[in-house]
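Results of the structural survey
One-letter residues, chain by chain:
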Amino acid sequence: HHGPDIGKVVDHYENPRNVGSLDKTSKNVGTGLVGAPACGDVMKLQIQVGKIVDARFKTFGCCSAITFSSLATEWVKGKTVEEALTIKNTHIAKELCLPPMKLYCSRLAEDAKDRSSPGV
């Protein structure tokens, strides 16, 4: 088992991608808010769907939480919601060589898909 990819972890931590917010009132923007009170991490992830044209995050938490959020937003851009649903926290952990943590990408994507359905 390899240790963490320190270069990638430090890069995403010091230069996180896609920080910010999208318009939560837009019918094609889904928002997922998750927290891990035990360690104090709180993550808000938003995606704008059709194909996922944009993704933003705001994370209050540790280096790993910020790194996971940053990489996840990069990975989901340009994918359909169905494709994004196939991305698991274990894939992100493997890419960064970190132990898996619960990112709930699937909950976020599901929320965005539901909110972007016609008639909602």
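Before reading further, recall that the structure is shown in the block above.
Source: prediction; values computed, not measured.

What counts, and where the lines are drawn
- Numbering of residues starts from 1 in each chain and follows the order in which that chain's sequence is written.
- Since the coordinates come from a predicted model, pLDDT governs what is reported: local features require at least 70, and pairs of side-chain atoms require 80 or more to be given and counted, while whole-chain, interface and lining totals use all residues.
- In computing side-chain values, all of the structure's heavy atoms are included and hydrogens and water are not.
- By the criteria applied, helices consist of DSSP H or I runs no shorter than four residues and strands consist of E runs no shorter than two, each listed in order from the N terminus.
- A side-chain nitrogen of Lys or Arg and a carboxyl oxygen of Asp or Glu constitute a salt bridge if their distance falls within 4 Å.
- Relative accessibility thresholds used throughout: buried, under 20% of the residue-type maximum; exposed, over 50%; partly exposed, between the two (1.4 Å probe, protein chains only).
- We call two N or O atoms a polar contact when they sit within 3.5 Å, provided that within protein one can donate a hydrogen and the other can accept it, with sequence-adjacent residues counted only if both atoms are side-chain atoms.

It is worth spelling out the environment of isoleucine 47 at this point. By the element assignment, isoleucine 47 lies in strand β2 (residues 41–48). With 18 residues separating them along the chain, isoleucine 47 and valine 29 place their C-alpha atoms 5.6 Å apart.

Another point: the pattern of salt bridges. All chains considered together, the criterion is met by five salt bridges. Between lysine 8 and glutamate 95 there is a salt bridge whose closest N-O contact spans 2.4 Å. Of this pair, lysine 8 sits in helix α1 (residues 6–14) while glutamate 95 sits in helix α4 (residues 89–96), and the two are 87 residues apart along the sequence. Of the residues examined, lysine 8 reaches a relative accessible area of 29% and is grouped as partly exposed. When the shortest N-O distance is used, the salt bridge between glutamate 74 and arginine 17 registers 3.5 Å. With glutamate 74 in helix α2 (residues 63–76) and arginine 17 in the loop between α1 and β1 (29–36), the pair connects residues that are 57 residues apart, well separated along the chain. According to the relative accessible area criterion, glutamate 74 is partly exposed, its value standing at 36%. Note on arginine 17: relative accessible area 22%, which makes it partly exposed. Overlapping salt bridges, with partners in common, bring together Asp11, Arg17 and Glu74 in one network.

With respect to the element layout, glutamine 46 can be found in strand β2. Engagement of the side chain of glutamine 46 in a polar contact is seen with the backbone nitrogen of leucine 22, the distance being 2.6 Å. Looking at glutamine 46, its side chain comes within polar contact range of the side chain of threonine 31, at 3.1 Å.

On their own, these measurements won't tell you what the molecule is for.
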